[in-house]
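# Analysis of the macromolecular model
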Amino acid sequence: MTTSATAPVPTNQLGLTKQDYVGAKSTLCPGCGHDAITAQIIQAAWEMNLEPHRVAKLSGIGCSSKTPTYFMSQAWGFNSVHGRAAAVCTGAALANRSLLNIVASGDGDSMSIGMGQLVHMIRRNVPVVYIIEDNGVYGLTKGQFSATADVGSTLKHGDVNEIQPIDPCTLAMELGCGFVARSFSGNPKQLGTILKAALAYEGTALIDVISPCVTFNNHDSSTKSYKNAKDREIPLQELGFIPYYDHEEMELDAGQAMEVGLPDGSRLTFRSVGKDFDVTDRLKAMKEIHEAHARGEFLTGIFHIETGKPILHDYTHTVEEPLATIAQDKVKPGREVLEACMRELM
Amino acid sequence: MLTQPSTSECVGGGTLVNDFSIEVATVNGSGSQTANTVLMRTIFQMGVPVTGKNLFPSNIAGLPTWFQIRANHRGYKARKAGIDLMICMNPETAKEDVAKVAPGTVLIYDEPLKLSDLRNDLAFCAVPFQKLVAASCPEPKLHKLVKNMVYVGVAAQMIGLDMDEVKRAIAKQLDGKQKAIDLNQAAVQAGFDWAQAEAPRQTRLRIERLDRTQGQIIIDGNTACALGAMFAGVTVVAWYPITPSSSVVEQLIDYSKEHRRDPETGRLNVAIVQMEDEIASAGVVVGAGWAGARAMTATSGPGISLMSEFIGLGYFAECPGVFVNVTRMGPSTGLPTRTSQGDVELCAKCSHGDTLHICLYPGTMEECFQFTYQAFDLAERFQTPVFVVSDLDLGMQNWASEPFAYPESRYDRGKVLDEAGLKAVVDWGRYKDVDGDGICYRTLPGTPGGKGAYFTRGTGHNPYALYSEKPDEFKATVDRLKRKFMTARDYVPKPLLTGPGVSRGILAYGSSDPAVAEARDILVEQHGKETDYLRVRALPFTPELEAFIEGHEVVYVVEQNRDGQMAGLIREFYPQWATKLRKVLHYDSTAITAQTVVDQINAFEA
Ligand SMILES: Cc1ncc(C[n+]2csc(CCOP(=O)(O)OP(=O)(O)O)c2C)c(N)n1
Ligand code: SF4
């Protein structure tokens, strides 16, 4: 009998295997786009050497919001209330700025009940990778239209959506979000790269991921079915990602590629596919997205990136030290302070 | 000139020394607040116990507003129903103001209002305010600003205030702004001199020096609350403005800028964020509490309504957080600038399902300070939302108080396992009731060591924080939460008991306290009725409350809401004593008076 030597399980720089970034077994419908996204989150977190204990993974309520359960069991998870992950995440970020925040949300969660919180989270530039798993329907409550459903898209049982959709990406760009991207759960390579870049970013990174609901919204007359998404997706760029720990020099064809340095030292390269697309020109990008939408296409890739913007902690003017664990002696004013306050009131 | 009352009965009250009330009727936004505070502060500086209540409309400027000052040598602080000195500055309400006062009242008014024809049983004093302002203030554009100060001078002369004290009060109030101080002092002097020369002496109302306010402070409950939070080391504050709670955080911002800066970097060690609404504010509190911050928000009833989904999450997922509710008059938008105790039930059971919260009911300025401080310890010890239930009367009115004692205690951060603590635990489960008190051990996100992580959710979970729909596990969790709530009986402030030990009991809480204290004296002195008094200061109720009801034949529960919400909670927890409770209620949006308590108790016993 011959024994085949088992290949060593690859580890990342922390010595962790990919399995260490896996969470509980998914209870979503087999084939749900959300699970494909989870797989890319696991891959990106592993490649980016995230320390699990430093990760806060938060969500609202919905099938998509179950995602945090399915990755990084050794990270701190919070499945909060419908549409409100943004505020919970803002609270956690304020309490401990050394946490790395990942929010997984749905299009119902983020674009309807949670719209206000998302908008204000972007305004405050809360440090977070905010993923919208966008299927155009409410999965968990069994198939009602969401606010991202396209005009003309139908429900399984025939109802046609007549109301204009909200596009999370153009909305985020309008609000000045410094990292805006769209991907497709059926395009794992692109999604993985975008996720790594988002993890290397310092403020709010918003990623809208078209993620078909195979149970309620995967029929031909739905614009967010697998088939339709595959047919209509127009990737903007070929993305390259050189992580902070890799010093490899990329060969860039002159005039064809652009590079953006990310705060953690990683580098992101763009090679245009088809037409030129400038990720630093927010307004032009918004126009392109709208035009593509009018043509019945959806663009994917990184739409906008701007580094060096002030973030939440700059606005609160707070100390670097995590407020959650700061020592009592630092935060409790002394007796003389109370006495002075009392004298002022006498 | 001062027209003496014409009927003999109206002057029959005799001289009221250090025991009378003043009401000033002005226009919202006219700057009368400073003048009124100076009047109040002068009485305070002369050693006479005094309180000031601003009855203001829900409006920025232009609507009628009244300020009531009550001086009382015995230190009674409740609102007094009658008015002894009325100052009418608002043409719009002048007729009503004149109509509502009792015979014999001294009435100072702006001469053009021509009020002396309205009644013949008042002591009218018409003051040419415009003329006096013009003479004392060289800058016409400032006349409007200092006009109110003139009535301070007139009143000061008439009731015997010491002008040096008035000037000291002005300097204090205007905090070193010399030009403003000079102008205001000149206006007061003009009023005083005019009254000295032109107004015949009235002898009915006098302030004479006492020594009962030495060392005391004047403060409002919201400021006291802000101080409590600052000393409690609050680290995350998320809020959305709403009357009457806004000044809690506004004061906290001011104090923090001064006293919560890192000495080396100058950066703040508290994050204060104005959110987009109350839902988000509560979300930040829950998220920050989960992540280990001492987090708080301050709001009022409508805000709590919006927060209730998150408050339920905080309760069930066991995230600490302090929720200050400065109660105003509801339901709905109700009377936003008027007081009530109408949110007792809302706070006690905020959110869906079986939910029960620790609530603290401060009744004094010191308690607004202490209880806010203590709320952070309780929130962390019990890993749950804790309410500080104040109200507009406590929160926004001026109260004399003993200065606050420095809170010596070390913060109680509760059962938090750090890396070393975790190592020592063999079988860690976030929701395991290891000690049998219902309180589990928690870890904070970011704790290294590899085994502290857990998953927080508002859905059913087992002791290991794993999702569970098992009926027995769900029941065990909600039963444990009740057990945890009951454990808090040993930690919350106990009720205060006073009285000679008779069969008639009074039970009250919060801002009803001053009225009850005074009512008890009236009941003895005028009606020969002794009472015992229990002031409840927290939910969960402690055994003292049950013993009090058990030990009395009848217990009057005094509160400022329509349905007797506290009495309802007591009935729920102690159904066996339900028949002993009698509701004494006041809910017309004004602060309760002693007479209200006396009258209703007498009516029950008639
Ligand atoms: C306050 C509140 N309202 C409604 C619901 C019911 N609800 C749960 S999930 C959901 C929609 C989820 O849709 P989406 O965010 O798009 O996620 P998906 O399930 O499609 O992934 C709704 C309406 C709730 N949980 N809470
Ligand atoms: S219902 Fe749709 S969104 Fe929900 S798990 Fe199933 S496929 Fe996914």
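Predicted, not measured: the structure shown is a model, and the values here were computed from it.

For chain A, the count of helices and strands is eleven helices and 13 strands. The principal-axis extent of the C-alpha atoms belonging to chain A is close to 75 × 65 × 50 Å. A total of 346 residues make up chain A; the buried ones form 58% of that total. In chain A, the share of contacts with a sequence separation of at least 24, taken over all contacts with a separation of at least 6, comes to 70%.

We now examine the site of ligand 1. Cys63, Ser64, Gly108, Asp109 and Gly139 of chain A are the nearest of the 18 residues found near ligand 1. Ligand 1 sits at a junction of chains, with neighbouring residues supplied by chains A and B. Within the backbone of glycine 139 of chain A, an N or O atom sits 2.7 Å from an oxygen atom of ligand 1. Compared with its free state, where it exposes 590 Å², ligand 1 has 77% of that area covered by protein. Mapped onto the shell around ligand 1, the elements with two or more residues apiece are α3 (107–113) and β5 (137–138) of chain A. For the shell around ligand 1, the leading source of residues is α3 of chain A, giving four residues. Of the residues that constitute the shell around ligand 1, the class distribution is six nonpolar, nine polar and three charged.

As a general point, the strands of a sheet are linked pairwise by backbone hydrogen bonds and lie either parallel or antiparallel. All names here are of chain B. Taken in spatial order, the five strands line up as β20-β22-β21-β24-β25 in an open sheet, and their pairing is mixed. Unpaired on one side and paired on the other, β20 (496–498) and β25 (581–585) mark the two borders of the sheet. Each adjacent strand pair in this sheet contributes to an overall mean axis angle of 20°, direction not counted. In this sheet, strand β22 (residues 532–536) lies alongside β20 in antiparallel orientation, the contact comprising three bridges. By the bridge assignment, leucine 496 is partnered in β22 with arginine 535.

Glancing now at the pattern of salt bridges. Evaluation of the coordinates by the stated rule reveals 50 salt bridges over all chains. Put simply, arginine 271 of chain A and glutamate 238 of chain A hold a salt bridge, and the shortest N to O gap is 4.0 Å. Taken as a pair, arginine 271 of chain A in strand β12 (residues 267–272) and glutamate 238 of chain A in strand β10 (residues 237–242) lie far apart in primary sequence, 33 residues in all. Through salt bridges with shared partners, a single ionic network connects Arg294, Asp377, Glu380, Arg413 and Arg442 of chain B.

Following the UniProt record, the feature "domain: Pyruvate/ketoisovalerate oxidoreductase catalytic" (unreviewed entry) maps to residues 29–193 of chain B here. End C-alpha atoms of residues 29–193 of chain B are separated by 27 Å, and the span's content is 44% helix alongside 18% strand.

Summarizing the sequence annotation, UniProt attributes the feature "domain: Thiamine pyrophosphate enzyme TPP-binding" (unreviewed entry) to residues 61–209 of chain A in the numbering used throughout. Helix and strand shares over residues 61–209 of chain A are 32% and 23% respectively, and the end C-alpha atoms of the span are 17 Å apart.

Our focus in this paragraph is the sheet that holds β12 of chain A. Residues and elements named next belong to chain A. Ordered by their spatial adjacency, three strands build an open sheet running β10-β12-β11, and the pairing between neighbours is antiparallel. The open sheet has two edge strands, β10 and β11 (257–261), and neither has a second partner. Ignoring strand direction, the axes of neighbouring strands in this sheet form an average angle of 20°. Two elements, β11 and β12, share five bridges in a ladder whose sense is antiparallel. Following the sheet pairing, methionine 258 is matched in β12 by phenylalanine 270.

Space inside the largest pocket adds up to approximately 1400 Å³. As for the largest pocket, its lining consists of 43 residues, of which Gln173, Asp220, Thr223, Gln251 and Asn398 of chain B are closest to the centre. With eight residues, the single largest contributor to the lining of the largest pocket is helix α8 (residues 246–259) of chain B. Partitioning the lining of the largest pocket into residue classes produces 15 nonpolar, 19 polar and nine charged. Its volume calculated, the second largest pocket comes out at about 700 Å³. Lining the second largest pocket we find 28 residues, and of these Thr69 of chain A together with Phe455, Arg457, Leu466 and Tyr467 of chain B sit closest to its centre. At the level of secondary structure, the elements contributing two or more residues to the lining of the second largest pocket comprise β2 (76–79) of chain A together with β19 (455–457) of chain B. For the lining of the second largest pocket, a count of residues per class yields 13 nonpolar, nine polar and six charged.

Turning our attention to the side chain of lysine 415 of chain B. Residues and elements named next belong to chain B. Relative to the assigned elements, lysine 415 resides in the loop between β18 (399–401) and α14 (419–424). Separated by 2.6 Å, the side chains of lysine 415 and aspartate 435 make a polar contact. Only 3.0 Å separates the side chain of lysine 415 from the side chain of aspartate 437, close enough to count as a polar contact. When neighbours within four sequence positions are excluded, lysine 415 is seen to be in contact with Arg381, Gln383, Asp435, Asp437, Ile439, Cys440, Tyr441 and Arg442.

This part is about the interface of chain B and chain A. At the interface, 70 residues of chain B touch 56 residues of chain A. Across the chain B/chain A interface, buried area totals approximately 5200 Å², and carbon plus sulfur atoms make up 64% of it. A per-residue breakdown of the area chain B buries against chain A is headed by Arg267, Tyr406 and Phe455 of chain B, which together make up 12% of the total. There are three salt bridges connecting chain B and chain A. Here aspartate 329 of chain A and arginine 410 of chain B are joined by a salt bridge, their closest N and O atoms 3.3 Å apart. Run the count over chain B and chain A and you get 25 residue pairs in polar contact (both at pLDDT 80 or more). When its residues are assigned to classes, the side of chain B that touches chain A shows 39 nonpolar, 19 polar and twelve charged. Here three bridges tie β2 of chain A to β19 of chain B, and the two strands are oriented parallel to one another. Of the residues in β19 of chain B, the one forming a bridge with phenylalanine 78 of chain A is threonine 456 of chain B.

A separate point is the confidence of the model for chain B. Residues and elements named next belong to chain B. Confidence in the prediction for chain B averages 95 pLDDT; 98% of positions are at 70 or higher. Within the model, pLDDT remains below 50 along residues 1–12, and this stretch shows 30 contacts once partners closer than five positions in the same chain are excluded. Scored as a complex, the prediction yields pTM 0.96 and ipTM 0.97.

This part is about the packing of helix α2 (residues 85–95) of chain A against helix α9 (residues 278–290) of chain B. Remark: α2 of chain A packs on α9 of chain B, axes separated minimally by 6 Å, with the N-to-C direction vectors making an angle of 45°. When the axis of α2 of chain A is compared with that of α9 of chain B, the two are oblique. In this structure, the crossing between α2 of chain A and α9 of chain B has a hand that is right-handed. Residues Ala87, Val88, Thr90, Gly91, Ala92, Leu94 and Ala95 of chain A of α2 of chain A touch α9 of chain B, and the partners they reach there are Ala280, Gly283, Val284, Gly287, Ala288 and Trp290 of chain B. Residues that form the contact of α2 of chain A with α9 of chain B fall into these classes: nine nonpolar, four polar and no charged.

This part takes up the site of ligand 2. Taken together, the residues surrounding ligand 2 are Leu28, Cys29, Cys32, His34, Cys63, Asn135, Cys213, Val214, Thr215 and Phe216 of chain A. Here the residues of the shell around ligand 2 are counted per class, giving seven nonpolar, three polar and no charged.

Right, let's get into unusual backbone geometry. Residue and element names in this part refer to chain B. In this model, threonine 243 is joined to proline 244 through a cis peptide bond whose omega is 0°. Its place among the elements puts proline 244 in the loop between β11 (236–239) and α8. A cis amide bond links glycine 330 with the next residue in sequence, proline 331, at an omega value of 5°. Tracing the chain through its elements places proline 331 in the loop between β14 (321–329) and β15 (335–339). In this structure, serine 589 takes a positive phi of about 90° despite not being glycine. Along the chain, serine 589 falls in the loop between β25 and α19 (594–605). Note on serine 589: relative accessible area 11%, which makes it buried.

Parameters and conventions
- Residues numbered from 1 in each chain as written.
- Chains lettered and ligands numbered in written order.
- Predicted model: local features only at pLDDT ≥ 70, side-chain atom pairs only at ≥ 80, totals over all residues.
- Heavy atoms only, no water.
- Helix = DSSP H or I, 4+ residues; strand = E, 2+ residues; numbered from the N terminus.
- Buried < 20%, exposed > 50% of the residue type's maximum accessible area, 1.4 Å probe, protein only.
- Contact = heavy atoms within 4.5 Å.
- Near = heavy atom within 4 Å.
- Polar contact = N/O pair within 3.5 Å; in protein donor to acceptor, adjacent residues only side chain to side chain.
- Areas by Shrake-Rupley, 256 points an atom, 1.4 Å probe, with all protein chains shown as cover.
- Nonpolar A, V, L, I, M, F, W, Y, C, P; charged D, E, K, R; others polar.
- Pairing = 2+ DSSP bridges.
- Axes fitted to C-alpha atoms, helices over the stretch in contact; angles between N-to-C directions.
- Salt bridge = Lys/Arg side-chain N within 4 Å of Asp/Glu carboxyl O.
- UniProt positions renumbered as here; feature names shortened; annotations may be inferred.
- 1 Å grid on protein atoms, 1.4 Å probe; cavity = no way out; pocket = protein on both sides within 12 Å on 5 of 7 lines; lining within 4 Å.
- Points joined across faces, edges and corners; volume = space filled by probe spheres on them.
- Buried area = accessible area lost by both parts, 1.4 Å probe.
- pLDDT = per-residue confidence, 0-100.
- Parallel < 35°, antiparallel > 145°, perpendicular 65-115°, else oblique.
- Left-handed = near helix turned anticlockwise from the far one by under 90°.

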